[in-house]
Amino acid sequence: MNPHIDASVAEIERAAFQLRRLWAKPQFLQRLRERCGHGGRPIQLSSLLVIHAIAGQGGAGNGDVTVGAVADFLDIDPSTASRLVGHATDAGFVSRTSSPVDARRAHLRLTEAGDRVRALTDEFRRRFIAQLVADWSEEDRRMFAHLLGRFAEAAANFPTNAGGLEAVGLGAEPELESARRPDE
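Conventions we followed
Residues numbered from 1 in each chain as written. Predicted model: local features only at pLDDT ≥ 70, side-chain atom pairs only at ≥ 80, totals over all residues. Heavy atoms only, no water. Core = buried A, V, L, I, M, F, W, Y, C linked by side-chain atoms within 4.5 Å. Buried < 20%, exposed > 50% of the residue type's maximum accessible area, 1.4 Å probe, protein only. Helix = DSSP H or I, 4+ residues; strand = E, 2+ residues; numbered from the N terminus. Contact = heavy atoms within 4.5 Å. Patch = residues over 30% accessible without salt bridge, like charges linked within 9 Å, V, L, I, M, F, W, Y side chains within 5 Å. Areas by Shrake-Rupley, 256 points an atom, 1.4 Å probe, with all protein chains shown as cover. Salt bridge = Lys/Arg side-chain N within 4 Å of Asp/Glu carboxyl O. Pairing = 2+ DSSP bridges. Axes fitted to C-alpha atoms, helices over the stretch in contact; angles between N-to-C directions. Parallel < 35°, antiparallel > 145°, perpendicular 65-115°, else oblique. Nonpolar A, V, L, I, M, F, W, Y, C, P; charged D, E, K, R; others polar.

Trainee: Is there a simple way to think about the nonpolar core in this case?
Mentor: Residues Ile54, Val70, Val94 and Leu108 are the most contacted members of the largest nonpolar core, which totals 24 residues. Secondary structure elements with two or more residues in this core: α3 (45–55), α4 (67–74), α5 (78–90), β2 (106–110) and α6 (112–132). Setting aside anything within four residues of it in sequence, one finds Val70 in contact with Ala53, Ile54, Gln57, Val65, Ala81, Val85 and Leu108.

Dropping the structure here:
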């Protein structure tokens, strides 16, 4: 381990990795997809992501959400976001209207079915987390919520330009280059 990184940073890194794996557990996703199904078919994970992105930007109500905003929210390429939004629209979870100001832009909003899926997934996640922290004190839950929110905001706002990548050692350093296998 790098001597400049303290043990608590390593512990946070391991926990963050575990959390990512937690939400990707096939059993959870399958059950959630079945429960949120539409027209007898399980909902696609990509549609869940689009629904979450639109709702997170006010698109469940009167918010003005575009495909570009979905791309930014999900940190994906705009062409990928456009394709995912198209699938969610075809599935009946998203409505798409032209902007009255710029016909090249589409305004997105959740349909009644999309809002139902959003409510179900929010409830699922909150009940699951409530079970995980059921034996924690109210103060521990409040402190954890504050610190985790602070951590998530810092991660979301961390610069991914060349300077930010250099700062975390993802520049073109010889030691990283030499760690690759010869066949890569």
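Trainee: Is there a simple way to think about a nonpolar patch on the surface in this case?
Mentor: A surface patch of nonpolar side chains, amounting to about 520 Å² of accessible area, comprises Ile12, Leu19, Trp136, Phe144, Leu148 and Phe151. Elements represented by at least two residues in the nonpolar patch include exactly α1 (7–23) and α7 (138–157). The leading source of residues in the nonpolar patch is α7, at three residues. With respect to the secondary-structure elements, Trp136 resides in the loop between α6 and α7.

Trainee: I tried to follow the pairing of β2 on my own but got confused; where do I start?
Mentor: Regular strands have side chains that alternate between both faces of the sheet. By the criterion of burial, β2 is predominantly enclosed, with four of the five residues buried. Pairing between strand β1 (residues 94–98) and β2: five bridges, direction antiparallel. Within β2, the residue paired with Arg96 across the bridge is Leu108.

Trainee: Whenever I open this one, the packing of α3 against α6 confuses me. Can you help?
Mentor: Two quantities define a packed helix pair, namely the angle between the axes and the distance from one axis to the other. One way to put it is that α3 packs onto α6 with a least axis distance of 10 Å and a crossing angle of 90 degrees. As the angle between them shows, α3 and α6 are arranged roughly perpendicular. When α3 is examined against α6, the residues Leu48, Ile51, His52 and Ala55 are found in contact with a partner set consisting of Gly114, Val117, Arg118, Thr121 and Arg125. Along the lines of polarity and charge, the residues of the contact of α3 with α6 split into four nonpolar, three polar and two charged.

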